[in-house]
Amino acid sequence: MLEKTPLISVVVPIYGVEKYLQRCLDSIAQQTYQNLEIILVDDGSVDNSGKIADEYALKDERMLVIHRENGGLSAARNTGIKAAKGEYITFVDSDDYIDEDYVEYMYQLLKKDSFKAKLAVCSLRNVFEQTGKIHGNGNGKECILTGKECLEMMCYHDQFDTCAYAKLGETSLYREHLFPEGMLFEDIGHTYKILLECPRVACGFVDKYSYVMRANSIVQSSFSSKKLDLLTMTDQMAKTVSDVYPDLAKAVLRRQVYARFSTLNQMLDAKNVLQQRKEIVNFLKKHKREVLKDPKTPKRDRLAYLMLALGYPIYRMAWKFYEKKKIS
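Okay, so let's go over this structure. (Residues numbered from 1 in each chain as written. Predicted model: local features only at pLDDT ≥ 70, side-chain atom pairs only at ≥ 80, totals over all residues. Heavy atoms only, no water.)

Comments concerning the packing of aromatic side chains
Link 1 in the chain: One pass over the full model with this rule turns up 9 aromatic pairs.
Link 2 in the chain: Measuring from centroid to centroid gives 5.9 Å for Tyr-102 and Tyr-209, while their planes differ by 55 degrees, and the two rings are tilted. In this pair, Tyr-102 sits in helix H4 (residues 102-112) while Tyr-209 sits in strand S10 (residues 201-213), placing the two residues 107 residues apart along the sequence. The same class applies to Tyr-102 and to Tyr-209, which are both buried.
Link 3 in the chain: Aromatic side chains Phe-261 and Tyr-305 sit 5.1 Å apart centroid to centroid with 85 degrees between the ring planes, which places their arrangement in the edge-to-face category. Of this pair, Phe-261 sits in helix H9 (residues 249-266) while Tyr-305 sits in helix H12 (residues 299-309), and the two are 44 residues apart along the sequence.
Link 4 in the chain: Accessibility expressed as a relative area gives 5% for Phe-261, which makes it buried.
Link 5 in the chain: Among the aromatic side chains, those forming a connected cluster through ring pairs are Tyr-102, Tyr-165, Tyr-209 and Tyr-211.
Link 6 in the chain: Note that Lys-59 overlies the ring of Tyr-56, its terminal NZ or CZ placed 4.4 Å from the centroid. (Phe/Tyr/Trp six-rings, centres within 6.5 Å; stacked < 30°, edge-to-face > 60°. Helix = DSSP H or I, 4+ residues; strand = E, 2+ residues; numbered from the N terminus. Buried < 20%, exposed > 50% of the residue type's maximum accessible area, 1.4 Å probe, protein only. Lys NZ or Arg CZ within 6 Å of the ring centre and 35° of its normal.)

Here it is, written out as structure tokens:
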């Protein structure tokens, strides 16, 4: 007798990705796990993305297309969550693609744990669009961790990522915690809430998700004041997590420092940001000793502090060199 598997919903928010969408949808359609509901949320695309989604839905009865007015990535994901009929849910961004056993692998992680965990995770590989370079992030290990352990790892960038994708969780979990709408970098304002609800997490740090690093992505695009959302949501995360787990105060501070360095790096060529830059640098200097004393602080942070101590022009030059080296 064939095993009866639960329906799993795959939510794909779509906006202006006609160049990438077919590759994404093909990778989902070819999943080894068959009992899927594939919800394509067209978030008011003005290119051919919505049409491509409709064409795929005509060929694959598992696909459902929802066309909506543009509201942003979080709003599109929330639309998919509300429409989902699956017992579990996972997200795939429409410019990315997944291995054929992406869903199967995470489902099996849950099954091995007798479905005691509400959430399973895998790792992602970075695909640099400009050069074709691929960088894997997983260490190949499989384990059961507590939500608290995952939070700490997330704060130190130790295998566990904040991203919405590369995760498979109970749909009810996501219905209780929708994504924050109208914000950039929404994942940092969401994933920690999920982890606070998970006594157990089934982890497989094996690369199954291909994250495409596009030149015009939110992270790579030119600076705007909306990018300060990262600081707002990181600070909210830090307060909530440290209130629940006071012994993670060092970990969340490190994440706050990382968010400042990340924002500083995105405003290297920006104009009229002197006040924001000053506030960021002051925060970094204020917490420098505490962060550098933490043995878990990554080497990248230590190097960033060293470069910043040599002066902002040196820091700016060093970071630009690092960015070029990373994709070559």
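Remarks on the packing of H9 against helix H10 (residues 274-286)
Link 1 in the chain: For the pair H9 and H10, the least separation of the axes is 10 Å and the interaxial angle reads 145 degrees. In the crossing of H9 with H10, the sense of the turn from one axis to the other is left-handed. Touching Leu-253, Gln-256, Val-257, Arg-260, Phe-261, Thr-263 and Leu-264 of H9 are Arg-277, Ile-280, Val-281, Phe-283 and Leu-284, all from H10.
Link 2 in the chain: Considered class by class, the residues forming the contact of H9 with H10 number 8 nonpolar, 2 polar and 2 charged. (Axes fitted to C-alpha atoms, helices over the stretch in contact; angles between N-to-C directions. Left-handed = near helix turned anticlockwise from the far one by under 90°. Contact = heavy atoms within 4.5 Å. Nonpolar A, V, L, I, M, F, W, Y, C, P; charged D, E, K, R; others polar.)

Quick word on the side chain of Asp-294
Link 1 in the chain: Structurally, Asp-294 can be placed in the loop between helix H11 (288-293) and H12.
Link 2 in the chain: No salt bridge is formed by the buried Asp-294. Its closest oppositely charged neighbour is Lys-250, at 5.6 Å.
Link 3 in the chain: Side chain to side chain, Asp-294 and Tyr-156 meet in a polar contact 2.4 Å long.
Link 4 in the chain: Ignoring any residue separated from it by four or fewer positions in sequence, one finds Asp-294 in contact with Tyr-156, Lys-250 and Arg-302. (Lys, Arg positive; Asp, Glu negative; His and termini not counted. Salt bridge = Lys/Arg side-chain N within 4 Å of Asp/Glu carboxyl O. Polar contact = N/O pair within 3.5 Å; in protein donor to acceptor, adjacent residues only side chain to side chain.)

Describing the nonpolar core
Link 1 in the chain: Counting residues in hydrophobic clusters, the biggest one holds 61 residues, and the most contacted among them are Tyr-174 and Val-201.
Link 2 in the chain: For Val-201, the residues in contact, after removing those within four places along its chain, are Ala-117, Leu-119, Val-121, Cys-143, Ile-144, Leu-145, Gly-147, Cys-150, Phe-160 and Leu-195.
Link 3 in the chain: Membership of the second largest hydrophobic core comes to 43 residues, among which are Tyr-20, Leu-21, Tyr-88 and Cys-163. (Core = buried A, V, L, I, M, F, W, Y, C linked by side-chain atoms within 4.5 Å.)

Some words on the state of the cysteines
Link 1 in the chain: In the structure shown here, the tally under the stated rule is 0 disulfides.
Link 2 in the chain: No disulfide involves Cys-150; its sulfur sits 4.0 Å from that of Cys-203, the nearest cysteine.
Link 3 in the chain: Cys-198 forms no disulfide, and the closest cysteine sulfur to it belongs to Cys-150, at a distance of 8.3 Å. (Disulfide = S-S within 2.5 Å.)

Some points on the pattern of salt bridges
Link 1 in the chain: Applying the stated rule across the entire model yields 19 salt bridges.
Link 2 in the chain: The salt bridge partner of Asp-243 is Lys-239, with a shortest N-O separation of 3.0 Å. Here Asp-243 and its partner Lys-239 are both found in helix H8 (residues 229-244), 4 residues apart, which amounts to about one turn of the helix.
Link 3 in the chain: Overall, Asp-243 belongs to the exposed group, its relative accessible area being 53%.
Link 4 in the chain: Owing to a relative accessible area of 55%, Lys-239 belongs among the exposed residues under this scheme.
Link 5 in the chain: Across the pair Asp-269 and Arg-316 runs a salt bridge, and its minimum N-O distance is 2.2 Å.

Some details on a nonpolar patch on the surface
Link 1 in the chain: Where nonpolar side chains cluster on the molecular surface, the patch consists of Leu-310, Ile-314 and Met-317 and spans about 300 Å² of accessible area.
Link 2 in the chain: Considering the arrangement of structural elements, one finds Ile-314 in helix H13 (residues 312-327). (Patch = residues over 30% accessible without salt bridge, like charges linked within 9 Å, V, L, I, M, F, W, Y side chains within 5 Å. Areas by Shrake-Rupley, 256 points an atom, 1.4 Å probe, with all protein chains shown as cover.)

Things to note about the packing of helix H5 (residues 147-155) against H9
Link 1 in the chain: The contact between H5 and H9 brings their axes to 8 Å, and the two run at 35 degrees. For H5 against H9, the interelement crossing comes out left-handed. Where H5 abuts H9, its residues Glu-152, Met-154 and Cys-155 lie against Ala-251, Val-252, Arg-254 and Arg-255.
Link 2 in the chain: For the contact of H5 with H9, the per-class residue count stands at 4 nonpolar, no polar and 3 charged.

Remarks on the pairing of strand S3 (residues 63-68)
Link 1 in the chain: Relative to S3, strand S2 (residues 36-43) is paired through 6 bridges, and the arrangement is parallel. Counted as the bridge partner of Asp-43 is Arg-68 from S3.
Link 2 in the chain: For the segment spanning S2, helix H2 (residues 49-59) and S3, crossover handedness is right-handed. (Pairing = 2+ DSSP bridges. Right-handed = clockwise from strand over helix to strand, strands pointing away.)

Concerning H2
Link 1 in the chain: When H2 is considered as a whole, its buried residues turn out to be Ser-49, Gly-50, Ile-52, Ala-53, Tyr-56 and Ala-57. The buried residues of H2 occupy one face: seen down the axis, they fall within an arc of 160 degrees. In this structure, H2 carries Lys-51, Leu-58 and Lys-59 as exposed residues pointing more than 90 degrees from its buried face.
Link 2 in the chain: Check the buried side of H2 and you find it contacts strand S1 (8-14), helix H1 (21-29), S2 and S3. (Arc of directions from axis to C-beta.)

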